[in-house]
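What follows is the residue order along each chain.
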Amino acid sequence: MNKEKLTAAGIAYDEGLDRFMGNSALYEKMLAKFAADGSFSAARARFAEGDWKSFQESIHTLKGVSGNLSLNGIFAVTSEIMRLLRAGERAEVPALMDKLEKEYAAALAAIDSLRGE
């Protein structure tokens, strides 16, 4: 496994592995399930529709899942989006969605690379 690639993608592998009590097979299985999770797609769709309530719910879900899996890049961006939404400050959200898109793509690419090892 290439920890440098995972780290560069915002994934704290060792931290995540600790959450799964050292069970690398289970942690990697859950990372693969994350790749199939629809939270990001839902958040992107709700954002595009301007459905702020559902968008916030989707971002909150994505924040929780990413935090539990130590996907720290995604977690940081979703945390900031949640902070802004709770404060009623939507102006910065579009730029953060662009950043989230990049973090998500990087995490998926890194997770996908685990399959080839």
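Source: prediction; values computed, not measured. (Residues numbered from 1 in each chain as written. Predicted model: local features only at pLDDT ≥ 70, side-chain atom pairs only at ≥ 80, totals over all residues. Heavy atoms only, no water.)

K.L.:
Any chance you could explain the packing of aromatic side chains here in plain terms?
P.N.:
The description of an aromatic ring pair rests on the distance of the ring centres and on the angle between the ring planes. For the structure on display, the rule yields seven aromatic pairs. Residues Phe40 and Tyr104 carry aromatic rings whose centres are separated by 4.0 Å and whose planes lie at 15° to one another, so their mutual orientation is stacked. Here Tyr104 lies in helix α7 (residues 93-115) and Phe40 lies in helix α4 (residues 39-49), a separation of 64 residues in the sequence. Across the pair, Tyr104 and Phe40 agree in class, each one buried. Following the ring pairs from residue to residue traces out a cluster consisting of Tyr13, Phe20 and Tyr27. (Phe/Tyr/Trp six-rings, centres within 6.5 Å; stacked < 30°, edge-to-face > 60°. Helix = DSSP H or I, 4+ residues; strand = E, 2+ residues; numbered from the N terminus. Buried < 20%, exposed > 50% of the residue type's maximum accessible area, 1.4 Å probe, protein only.)

K.L.:
For this particular structure, what's the right way to read the confidence of the model for the protein chain?
P.N.:
Caution applies to low-pLDDT regions: their predicted coordinates should not be interpreted in detail. Averaged over all residues, the pLDDT of the protein chain is 94; the fraction at 70 or higher stands at 97%. Across the protein chain, helix α6 (residues 72-86) holds the top mean pLDDT of 98, while helix α1 (residues 3-8) sits lowest at 86. (pLDDT = per-residue confidence, 0-100.)

K.L.:
I would appreciate a short explanation of the environment of Ala42 in the present structure.
P.N.:
Mapped onto the elements, Ala42 comes out in helix α4. Relative accessible area serves as the criterion here: at 22%, Ala42 is assigned to the partly exposed category. Placed 19 residues apart in sequence, Ala42 and Asn23 show a C-alpha to C-alpha distance of 30 Å.

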